[in-house]
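# Topology and contacts: notes
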Amino acid sequence: MEAAESKTLNFIEQIIEEDLASQKNGDLICTRFPPEPNGYLHIGHAKSICLNFGLGQKYHGKTNLRFDDTNPSKEEDKYVKAIVEDVKWLGFNWDGDIKYTSDYFNQLYQWAIEFIKKGLAYVDDQKSEEISLQRGTPQKPGIMSPFRSRTIEENLELFERMYKGEFPDGSRVLRAKADMSSPNMQLRDPVMYRIMHSTHHRTGDLWCIYPMYDFAHGQSDYIEGITHSICTLEFENHRPLYNWYLDKIADSKKVRPQQIEFARLNLSYTVMSKRKLLQLVEEGNVSGWDDPRMPTISGLRRRGYTPESIRNFSERIGVAKRDNIIDVGLLEFSLREHLNKIAPRVMAVLDPVKLIITNYPKDKTEFIELENNPEDLSSGTRELPFGREIYIEREDFLEDPPKKFFRLGPQREVRLKGAYIIKCEDFKKDSEGKIAEVYCSYDPETKSGTGISRKVKGTLHWVSAPQAIDAEIRIYDRLFSVEDTAADKDIDFKELINPNSLQIINHCKLEPSLASAKPEDKFQFQRMGYFCVDKDSTKEKLVFNRTVPLKDGWNKTNIIANV
RNA sequence: UGCCUGAUGGUGUAAUUGGCAACACGUCUGAUUCUGGUUCAGAAGAGUCCAGGUUCGAGACCUGGUCGGGCAACCA
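To keep things clear, this report deals only with the structure shown in the data block. In this text the structure is predicted, and so the values were computed from the model without any measurement.

### Remarks on the packing of helix α4 (residues 105–117) against helix α6 (residues 152–164)
Packing of α4 against α6 leaves a shortest axis separation of 9 Å and a crossing angle of 160°. Put simply, α4 runs roughly antiparallel to α6. α6 is crossed by α4, and the crossing has right-handed handedness. Across the interface between the two elements, Y109, A112, I113, I116 and K117 of α4 pack against I152, N155, L156, F159, E160 and Y163 of α6.

Here it is, written out as structure tokens:
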């Protein structure tokens, strides 16, 4: 299967293949995706999901889904549910049951006691500010805590009393006895446990002390037999600590997990941090985590992205260790590539202008047969009503068109997609000077499919006026107006928000077959782009999102010509 | 003034581990087209952060710089 692919390996695959060759862990490969349930997943997490689960599949190994839930003050069950749904939607299956770091709280607690017994941990009675001060700076070594030399017995007793809830939050912590003068800040006696009288989404009030990330993550990997623990670059400095803890507990006969870091994804014209995304949600700049402008997986889903397109995108961007900003255009390319193959083509007029075919019989309605998708002939055909009065796109008629404008203008001819060639004879303006109606004649000899060889330069999409159904269409633009939202640290990212990222158009005219479309159904509105039904849509009022416009060569030359 | 880490077309990612820089997106031509989409054919664009060195030969190795990112939560 994958043997056919001769693609070069990324640096993580190289490590894995070397480990396989040296039989470091036999033939075993086990990865994990370890989200904290404190927010929604975004496209950056999708990269990590595709990486971890992809590696599991490629090397016939396993991939766990593990919630890293060591901080009950920030974590909620609703996030667990949303994350599970997103991972499934992306098309991945985890090995066995969903795992939680909180499953290991008891084991972690036992290990902490062992650390104390070996003289490797101590209870510190100081406030966090004091501890922080003593830690020093990257340039200046830290100084030792006055509580560092407590006896093992005293530490054991104090830690048990912490566990029993005898002390208030913040009054004491358990610290590792590592190296206060280490050039690596992470090793300056890191906190292992803190007191938190807070209800945990799974363990409730069973615990009032919780392990820190560093004391929990490597051990959780170890418990699960993870061979390659893949995380992002900001944890590079934590790797010595990850290994330090493991050194103290790992059985040499068991699998020893290896932490490997890669560069997180950054996308142009957006932000990719949970903190910033949360801020956008809470301050009402977007309608929620699943606002179609958000780079969240739920936002992309609502926008009309497909799991395939996101997986292909992840494959294309690669994996490396250098910082990067990927052009959002690449994401859109992957999207169009897939949608082009699967989205049924339909007719929809976003900004309608009425067009009357003056020589067409008044009461006649005929049915035009159109293929649903020229890229997929198995998708069949459908029939559309056609008559004397139709709607066309306002931008498809110009009173005084330039030479290379292949659409309608006075005395110009175009084809109506699937129907006839028409010629513009006249038009009417309203009191404001806007085009109100366009009058055309049609040539009955030019019906599509009848083998007429006469050609015209332009083809327009249209919707029959009497049968047209109304819809609201939401047009999205990039959420931010600059490519690199983090380029200037002095500018708050919220100042960079694009004020025109959402445009709502009402009374768009759709072909009647769209009346039964359901949320997340995807279509290509002929010549306009890809659209999907929004979850706000009802039978009474259809609502569509523009997922992404079609590539537009005309617009480009047009812009250049008008400069 | 420390430690960790990175640097290849506009953007990403490669270069079979020392053999004369490839692929994708984007851009630009042209063809086809009843979607100015798709498809097809082609082009431009980097001499690999800089300076030395090793070598017949360096993007890869060595030395010294420069620039970027990360690290001082009882966050993950």
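There is more to say after this.
### As for unusual backbone geometry
Residue H60 is not a glycine yet carries a positive backbone phi of 55°. As for its placement among the helices and strands, H60 is situated in the loop between α2 (43–58) and β3 (62–67). Positive phi, close to 65°, is recorded for Q411, a residue that is not glycine. Mapped onto the elements of the fold, Q411 is located in the loop between β16 (389–393) and β17 (413–416). Residue classification places Q411 among the partly exposed residues on the basis of a relative accessible area of 46%.

### With respect to the pattern of salt bridges
Going through the model one piece at a time under the given rule, you end up with 45 salt bridges. With a closest N to O distance of 3.3 Å, K164 and E160 form a salt bridge. Remark: E160 and K164 occur in helix α6; sequence separation between them is four residues, near one turn of the helix. Look at K164 and you get exposed, because its relative accessible area is 53%. Judged by its relative accessible area of 38%, E160 is partly exposed.

### Points about the pairing of strand β19 (residues 435–443)
Among the nine residues of β19, seven are classified as buried, and the element is accordingly described as predominantly covered. Judged from the four bridges that link them, strand β13 (residues 352–357) and β19 form a sheet pairing that is parallel. Bridged to K354 within β19 is E437. In this structure, strand β18 (residues 421–429) lies alongside β19, joined through eight bridges in antiparallel fashion. For D426, the partnering residue across the bridge sits in β19 and is Y439. Between β18 and β19, which pair antiparallel in sequence order, lie five residues; one of them, G433, sits at a positive phi of approximately 90°.

### What to know about empty space enclosed by the protein
One pass over the structure, following the stated rule, counts one cavity of 30 Å³ or more. Surrounding the largest cavity, Y213, D214, H217, H238, Y242 and Q259 form its lining. In terms of residues, the lining of the largest cavity owes the most to one element, helix α7 (residues 213–224), which gives three residues. Grouping the amino acids of the lining of the largest cavity by side-chain chemistry returns two nonpolar, three polar and one charged.

### Let's talk about the sheet that holds β16
The strand order across the open sheet formed by seven strands is β20-β17-β18-β19-β13-β16-β21, and the pairing between neighbours is mixed. Edge positions in the sheet fall to β20 (459–460) and β21 (462–464), since each has one partner strand and no second.

### As for the layout of surface pockets
Taking a probe equal in size to a water molecule and rolling it over the atoms shows the remaining empty space. Counted as a void, the largest pocket has a volume near 1,200 Å³. Residue lining of the largest pocket: 46 residues in total, with R336, R546, V548, P549 and L550 positioned closest to the centre. Those elements that provide at least two residues to the lining of the largest pocket are α10 (297–303), α12 (328–342), β22 (469–476), β23 (502–510), β26 (542–548) and α13 (553–562). Ranked by residue count, the leading element in the lining of the largest pocket is α13, at five residues. In the lining of the largest pocket, the residues fall into 22 nonpolar, six polar and 18 charged.

### What to know about α7
Its 12 residues place the ends of α7 16 Å apart at the C-alpha level, agreeing with the 16 Å of an ideal helix rising 1.5 Å per residue. Burial analysis of α7 places 10 of its 12 residues in the buried class, the great majority of the element. Listed in full, the buried residues belonging to α7 are D214, F215, A216, H217, G218, Q219, S220, D221, Y222 and E224. After α7 finishes, the residue G225 shows a positive phi value of roughly 70°.

### A few points about α2
With 16 residues, α2 ought to run about 22 Å at 1.5 Å a step, and its terminal C-alpha atoms sit 21 Å apart, in line with that. Most of α2 is tucked away: 13 of the 16 residues are buried.

### Thoughts on the protein's contact with RNA strand B
Around RNA strand B sit 69 residues, and of these T70, R322, R345, S448 and K556 come closest. In this structure, I317 approaches RNA strand B through a main-chain N or O atom, which is 3.0 Å from a sugar or linking oxygen. A distance of 2.8 Å separates a base oxygen of RNA strand B from a polar backbone atom of F406. Elements supplying a minimum of two residues to the surface near RNA strand B: α5 (128–134), β7 (191–195), α11 (307–317), α12 and α13. Considering only residue class, the surface near RNA strand B consists of 21 nonpolar, 23 polar and 25 charged.

Scoring rules and cut-offs
- Residues numbered from 1 in each chain as written.
- Chains lettered and ligands numbered in written order.
- Predicted model: local features only at pLDDT ≥ 70, side-chain atom pairs only at ≥ 80, totals over all residues.
- Heavy atoms only, no water.
- Axes fitted to C-alpha atoms, helices over the stretch in contact; angles between N-to-C directions.
- Helix = DSSP H or I, 4+ residues; strand = E, 2+ residues; numbered from the N terminus.
- Parallel < 35°, antiparallel > 145°, perpendicular 65-115°, else oblique.
- Left-handed = near helix turned anticlockwise from the far one by under 90°.
- Contact = heavy atoms within 4.5 Å.
- Buried < 20%, exposed > 50% of the residue type's maximum accessible area, 1.4 Å probe, protein only.
- Salt bridge = Lys/Arg side-chain N within 4 Å of Asp/Glu carboxyl O.
- Pairing = 2+ DSSP bridges.
- 1 Å grid on protein atoms, 1.4 Å probe; cavity = no way out; pocket = protein on both sides within 12 Å on 5 of 7 lines; lining within 4 Å.
- Points joined across faces, edges and corners; volume = space filled by probe spheres on them.
- Nonpolar A, V, L, I, M, F, W, Y, C, P; charged D, E, K, R; others polar.
- Expected span 1.5 Å × (residues − 1).
- Near = heavy atom within 4 Å.
- Polar contact = N/O pair within 3.5 Å; in protein donor to acceptor, adjacent residues only side chain to side chain.

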